[in-house]
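Structural overview
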Amino acid sequence: MSKKTNIKNTSRTIRPSKTGGAEDAYTELPLDQILQGNCIELMNRLPEKSVDVIFADPPYNMQLKGELHRPDNSHVDAVNDDWDKFDNFSSYDDFSKAWLTAARRVLKDNGTIWVIGSYHNIYRVGATLQDLGYWVLNDIVWRKTNPMPNFRGTRFTNAHETLLWCNKGENYNKYTFNYDAMKALNEDVQMRSDWTLPICSGKERLKVNGHKGHSTQKPEALLYRVLLASTNKGDVVLDPFFGSGTTGAVAKKMGRHFIGLEKEEKYIRLATDRITAIDELEAEALEITPAKRAQPRVPFGTLVERGMIAPGTLLYSPKSSNGKQHIAKVRADGTLISDSSKGSIHQVGAALQGAPSCNGWTYWHLQVKEQLVPIDMLRQQIRQELH
């Protein structure tokens, strides 16, 4: 039997259907709620292909032996919870296969899944992902700026965790990746697969009676990056191991819906209080840099037919290091002609450079008041009108 905890009022009423007195599938998605129970059973009750992204922080199966102490003999508050204990690797693999199978069923065909883990489990989980047909898009290394030291001095300090980002299979290629937004977040430099972020600490770390509210609470900065990269406003994010509710907290801030699955009542109370206290951002603040591939296609000929560039106009390439500059003339049908070639803005640009391809929008420039201006500026004007 599962329980559901409302985080906020939504416009949708959730009623689990019942057959013969037994709970059956959800007829609608339980948006912005925490469902209490076994994550595998709960996922199997959700509608098929209904969630956009899954973020999973499963048990790590850390196999800790005994208590851990610092050199001054003080106790280390490590991960020794019952939910992280399995009899052997085989039982852990069976568990991974079961929940990942249920997750794949509820994931939309254009959706993706993120799974985070340490060296204790991530390789086993990764093999199971591939065995079930998932396709690994990236493995992300989360490098911790303030990791817990290795107090015994017998190994290297464990200073990172790994995230596997996957879609449903090799041929499921229409997934969300906000490349341009991630580049903007990284000061206009392409985002790499190694992320340097601190672990959850200070005021962000949830406490209960002076102790950690959850032993593996993830920092909101990590989830912010995950959701910014792979979701859009209004998307549904499922977290089958909800814990302290970091996924729900960040989803609410960013205008995404969440569904949390959690067994432990104490964590549900913790997450509920945390998420209830969060204010959503205004719609304008949630706007991100749109992906170029998602923007309306504007042929160069559109600029010609609208009179923004007249036939006969000369276009110029940037000057090379040796001072050489190519010139081409615009024709009435939107093609270019130069001394040695003719064709589209891309074909002529490539031919003049002896290159296999060329982005003509950024290569060709107009001369405006003794300055060269990329023709892409005019394309962006049209896109703004269309938007």
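Notes on the structure follow. What you are looking at is a predicted structure, and each value in this text was computed from that prediction instead of being measured. (Residues numbered from 1 in each chain as written. Predicted model: local features only at pLDDT ≥ 70, side-chain atom pairs only at ≥ 80, totals over all residues. Heavy atoms only, no water.)

1. Side note on helix H5 (residues 220–230)
- In terms of burial, H5 is a largely internal element, nine of the eleven residues being buried.
- Those residues of H5 that sit buried are Glu220, Leu222, Leu223, Arg225, Val226, Leu227, Leu228, Ala229 and Ser230. (Buried < 20%, exposed > 50% of the residue type's maximum accessible area, 1.4 Å probe, protein only. Helix = DSSP H or I, 4+ residues; strand = E, 2+ residues; numbered from the N terminus.)

2. Some words on the pattern of salt bridges
- The tally for this structure, following the rule as stated, stands at twelve salt bridges.
- Residues Lys168 and Asp109 are paired through a salt bridge, measuring 3.1 Å at the closest nitrogen-oxygen approach. Remark: Asp109 occurs in strand S6 (residues 107–117) and Lys168 occurs in the loop between strand S8 (160–167) and helix H4 (179–185); sequence separation between them is 59 residues.
- Residue Lys168 is classed as buried on the basis of its relative accessible area, which comes to 4%.
- When its relative accessible area of 32% is taken as the criterion, Asp109 is described as partly exposed.
- Among the salt bridges present, the one from Lys144 reaches Glu161, with a minimum N-O distance of 2.7 Å. Here Glu161 lies in strand S8 and Lys144 lies in strand S7 (residues 135–144), a separation of 17 residues in the sequence. Both residues of the pair, Lys144 and Glu161, belong to the buried class.
- Several salt bridges converge on common partners, so that one network encompasses Lys49, Asp109 and Lys168. (Salt bridge = Lys/Arg side-chain N within 4 Å of Asp/Glu carboxyl O.)

3. Details of the environment of Glu220
- Within the element layout of this structure, Glu220 appears in helix H5.
- The buried category is assigned to Glu220, whose relative accessible area is 16%.
- It is 10.0 Å that separates the C-alpha atoms of Glu220 and Gly248, two residues lying 28 residues apart in sequence.
- Setting aside residues no more than four positions away along its own chain, Glu220 makes contact with Glu204, Thr246, Ala249, Val250, Lys253 and Arg274. (Contact = heavy atoms within 4.5 Å.)

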